[in-house]
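Close look at the chain arrangement
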Amino acid sequence: AQSVTQPDIHITVSEGASLELRCNYSYGATPYLFWYVQSPGQGLQLLLKYFSGDTLVQGIKGFEAEFKRSQSSFNLRKPSVHWSDAAEYFCAVGLISGGYQKVTFGIGTKLQVIP
Amino acid sequence: NAGVTQTPKFQVLKTGQSMTLQCAQDMNHEYMSWYRQDPGMGLRLIHYSVGAGITDQGEVPNGYNVSRSTTEDFPLRLLSAAPSQTSVYFCASSYELAGRETQYFGPGTRLLVL
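First, a word on scope: everything that follows refers to the structure included in this document. Not measured: the values here are computed from a predicted model. (Residues numbered from 1 in each chain as written. Chains lettered and ligands numbered in written order. Predicted model: local features only at pLDDT ≥ 70, side-chain atom pairs only at ≥ 80, totals over all residues. Heavy atoms only, no water.)

1. Considerations on the overall build of chain B
- A count of helical and extended segments in chain B gives zero helices and 11 strands.
- Beginning at the N terminus, the succession of helices and strands in chain B can be written as β-β-β-β-β-β-β-β-β-β-β.
- Radius of gyration (C-alpha) of chain B: 13 Å, near the 13 Å computed for a compact globule of 114 residues.
- Projected onto the principal axes, the alpha-carbon positions of chain B cover approximately 45 × 30 × 25 Å.
- Put simply, chain B has 114 residues, and 50% of those count as buried.
- When the accessible surface of chain B is summed, it comes to about 5200 Å², and 51% of that surface belongs to carbon and sulfur atoms.
- For chain B, the distance from the average site of its 8 positive side-chain charges to the average site of its 9 negative ones is 11 Å. (Helix = DSSP H or I, 4+ residues; strand = E, 2+ residues; numbered from the N terminus. Rg over C-alpha atoms; globule rule 2.2 N^0.38 Å. Buried < 20%, exposed > 50% of the residue type's maximum accessible area, 1.4 Å probe, protein only. Areas by Shrake-Rupley, 256 points an atom, 1.4 Å probe, with all protein chains shown as cover. Lys, Arg positive; Asp, Glu negative; His and termini not counted. Charge placed at Lys NZ, Arg CZ, Asp CG, Glu CD.)

2. Re unusual backbone geometry
- Residues Thr7(B) and Pro8(B) are joined by a peptide bond in cis, for which omega reads -5°.
- Summarising the element assignment, Pro8(B) is placed in the loop between β1 (4-7) and β2 (10-13).
- Its identity as a non-glycine residue notwithstanding, Ser72(A) has a phi of 50°, on the positive side.
- If you trace the backbone, Ser72(A) turns up in the loop between β8 (64-68) and β9 (73-78).
- One non-glycine residue, Asn28(B), adopts positive backbone phi at about 60°.

3. Quick word on the nonpolar core
- Of all hydrophobic cores here, the largest spans 26 residues; its most connected members are Leu19(A), Trp35(A), Leu47(A), Leu48(A), Phe74(A), Leu76(A) and Tyr89(A).
- Elements with a contribution of two residues or more to this core: β2 (10-14), β3 (19-21), β5 (32-38), β6 (44-50), β8, β9, β10 (87-97) and β12 (109-114) of chain A.
- Among the elements that take part in this core, β10(A) stands out by supplying four residues, more than any other.
- Apart from the residues lying within four places of it in its own chain, the contact partners of Leu47(A) are Trp35(A), Tyr36(A), Val37(A), Gly59(A), Ile60(A), Lys61(A), Phe63(A), Leu76(A) and Tyr89(A).
- The next biggest cluster of nonpolar side chains, apart from the first, holds 20 residues, and it includes Phe90(A), Leu43(B), Leu45(B) and Val50(B). (Core = buried A, V, L, I, M, F, W, Y, C linked by side-chain atoms within 4.5 Å. Contact = heavy atoms within 4.5 Å.)

Next up, the structure:
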């Protein structure tokens, strides 16, 4: 069965500092990979996704993620964090099963931004 | 477009009561899903549908029923509420692009079962 690991439950960074959120997946083939963001009291919003091709993916709000097949990782990065980036971030893996896609989410990483 | 809408936003139930969480989307998406979100557990798939009249179980289906009579609506029914069903419930819909999906999420329903 596919699984997603986000090893950092909570991360604190200073505003303006760089950010990297880790995500590892377990699956035999290359799955579809997603990063979502959830602001407090809100639903999830897609930041970016990887299906194939260029392993460096650009998303919204200045985020990017790099797929590394050898490490089974899909880490999310941002060069300079803004206070409005404080939220919870979810990595997700999509698997085609029986012709349909099922998505498995990680447990999330809560990002705190300090002045 | 309103996107994905969910009602109610909040609900308090007593153990044993039944209720239906409503979900609707106006994007003509074929795929719709229900997730529950619990602290430290991320989102877990309850049920999903790949089109009107077609539903299937996800990771945690027990205690929940779904039906999909129209493309727009995908209600989630709690048959006999239990405290373990206290959670935040999210409905999502998605289009299919060559077998790839981007999910659009509703704002969620917070459910407390006493």
